[in-house]
Amino acid sequence: MPKIVLQKTLAELAQEKFDRKTKPQGSLGDLEKIAVRLATLQNTLSPSVSRKRILVFAGSHGVAKRGVSAYPEEVTAQMVLNFLRGGAAINVLARHGGIDLRIINAGVNGDLSNAQALNFRNEPVRKGTRDFTTEPAMTKEELDAALALGKSEVERAKQEGYELLGIGEMGIGNTTSAAALCAALLALPPQKVCGRGTGVDDEGLRRKIAAVCTALDRHGSTCKTALEWLAAVGGYEIAAMTGAIFAASQYRLPMVIDGFIATAAALVAVKANPDVSDVCFFGHLSAEGAHQDVLQHLKAEPILALNMRLGEGTGAALAMHILDGAAKLLCEMATFESAGVSEKL
């Protein structure tokens, strides 16, 4: 009988290509894994992620009135204006790294009608979510609109030729929403998922834990799916990031997830459709304690660990350079044969 030869997967071929490079096999560690994943996503042995864009979604939270943040609610709108002036941390890192930046008002409770910039999209679903301790944060229709907002941004990036995307956020009170989502979807105690976020004091942390406990009790009997929980306790910017992840999976575009809040959006997306995890690269391990628990549940390894907890997409911006470097190593590094270097005995 003729011998059956099984065709090698693209991942296997990419790893073999790396193994022929002028280095000991496996010596580039996780960079090799990243490059192989990129090759698989792009269906090529020469992946490219040189064209990068970060999507920063902003939204206000009704639960902020419960005193769960160290900053007042109006800071959300003020920071959007800071983004548009180029003065925030994400602006600096994007300029430094040659990363295109898009700012999207998903639902800010503030007057941004006069804010103008070529990279600004001002189409809020609503001016802030409702207080989820007393009612659902958003309606089903609002959830769908926020998901569609995120999806459309990825579709636009795809059409414009971007090869690597990242997501970040701005929204006073959104670590409380993220904590409520993680508690609900992973059955974690509120005391474990609630961190200090923007730097709340002990009393603020107690209010935050109480808000999450109330939300779980209020919505637990009606929420059965991840998307139902997203509508009940999420934010418009979190929902938009979830939609962006869905679309990235559809187009097989690698997506760098920022910190705790962006990871909460990824958790919702993975719970709704486990296949989306293929495109998710987790930029860094946040200083928010529950982030590690969520990453472990997702079986995700963060690329960086810098004790950051800012958001805005800052961790994603830094991690993008790692992905780009990994792809370039696979594409540009010489082989033992081409370099005339003797291989291992």
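Residues numbered from 1 in each chain as written. Predicted model: local features only at pLDDT ≥ 70, side-chain atom pairs only at ≥ 80, totals over all residues. Heavy atoms only, no water.

### Considering the overall build of the chain
For the chain, the count of helices and strands is 14 helices and six strands. Taken against the 2.2 N^0.38 rule, which gives 20 Å for 345 residues, the C-alpha radius of gyration of the chain at 21 Å falls within 12% of a compact globule. Here the C-alpha coordinates of the chain stretch approximately 70 × 45 × 35 Å along the principal axes. With 345 residues in all, the chain has 53% of them scored as buried. Look at the contacts in the chain between residues 6 or more apart in sequence, and 73% of them connect residues 24 or more apart. Carbon and sulfur atoms provide 51% of the accessible area of the chain, an area that totals close to 15200 Å². Charge centroids of the chain, computed over 37 positive and 37 negative side chains, lie 1 Å from each other. (Helix = DSSP H or I, 4+ residues; strand = E, 2+ residues; numbered from the N terminus. Rg over C-alpha atoms; globule rule 2.2 N^0.38 Å. Buried < 20%, exposed > 50% of the residue type's maximum accessible area, 1.4 Å probe, protein only. Contact = heavy atoms within 4.5 Å. Areas by Shrake-Rupley, 256 points an atom, 1.4 Å probe, with all protein chains shown as cover. Lys, Arg positive; Asp, Glu negative; His and termini not counted. Charge placed at Lys NZ, Arg CZ, Asp CG, Glu CD.)

### Quick look at the nonpolar core
Membership of the largest hydrophobic core comes to 117 residues, with the highest contact counts inside it found for Ile54, Val154, Ile167, Ile245, Met255 and Ile257. When sequence neighbours within four positions are dropped, the list of residues in contact with Ile54 reads Ile90, Ile99, Asp100, Leu101, Arg102, Gly166, Gly313, Ala316, Ala317 and Met320. (Core = buried A, V, L, I, M, F, W, Y, C linked by side-chain atoms within 4.5 Å.)

### Topic: the packing of helix H6 (residues 174-186) against helix H8 (residues 202-219)
Direction vectors running N to C along H6 and H8 enclose 45°, while the axes themselves pass 10 Å from each other. When the interaxial angle is binned, H6 and H8 end up oblique. Relative to H8, H6 is oriented so that their crossing is right-handed. On H8, the residues that touch Thr175, Thr176, Ala179, Ala180, Ala183 and Ala184 of H6 are Lys208, Ala211, Val212 and Leu216. For the contact of H6 with H8, a count of residues per class yields seven nonpolar, two polar and one charged. (Axes fitted to C-alpha atoms, helices over the stretch in contact; angles between N-to-C directions. Parallel < 35°, antiparallel > 145°, perpendicular 65-115°, else oblique. Left-handed = near helix turned anticlockwise from the far one by under 90°. Nonpolar A, V, L, I, M, F, W, Y, C, P; charged D, E, K, R; others polar.)

### Regarding the packing of aromatic side chains
Any two aromatic rings considered together are summarised by their centre-to-centre distance and by the angle between their planes. Counted under the stated rule, the structure contains zero aromatic pairs. Across from the ring centre of Phe281, 3.8 Å away, lies the NZ or CZ of Arg37, which sits over that ring. Over the face of the ring belonging to Tyr162 we find Arg51, whose NZ or CZ atom lies 4.3 Å from the ring centre. (Phe/Tyr/Trp six-rings, centres within 6.5 Å; stacked < 30°, edge-to-face > 60°. Lys NZ or Arg CZ within 6 Å of the ring centre and 35° of its normal.)

### Details of H8
Here H8 spans 26 Å end to end across 18 residues, near enough to the 26 Å set by a 1.5 Å rise per residue. Every buried residue of H8 is listed here: Gly204, Leu205, Lys208, Ile209, Ala211, Val212, Ala215 and His219. Around the axis of H8, the buried residues are gathered within 155° of arc, so they sit on the same side. For H8, the exposed residues lying more than 90 degrees away from the buried face are Arg206 and Asp217. (Expected span 1.5 Å × (residues − 1). Arc of directions from axis to C-beta.)

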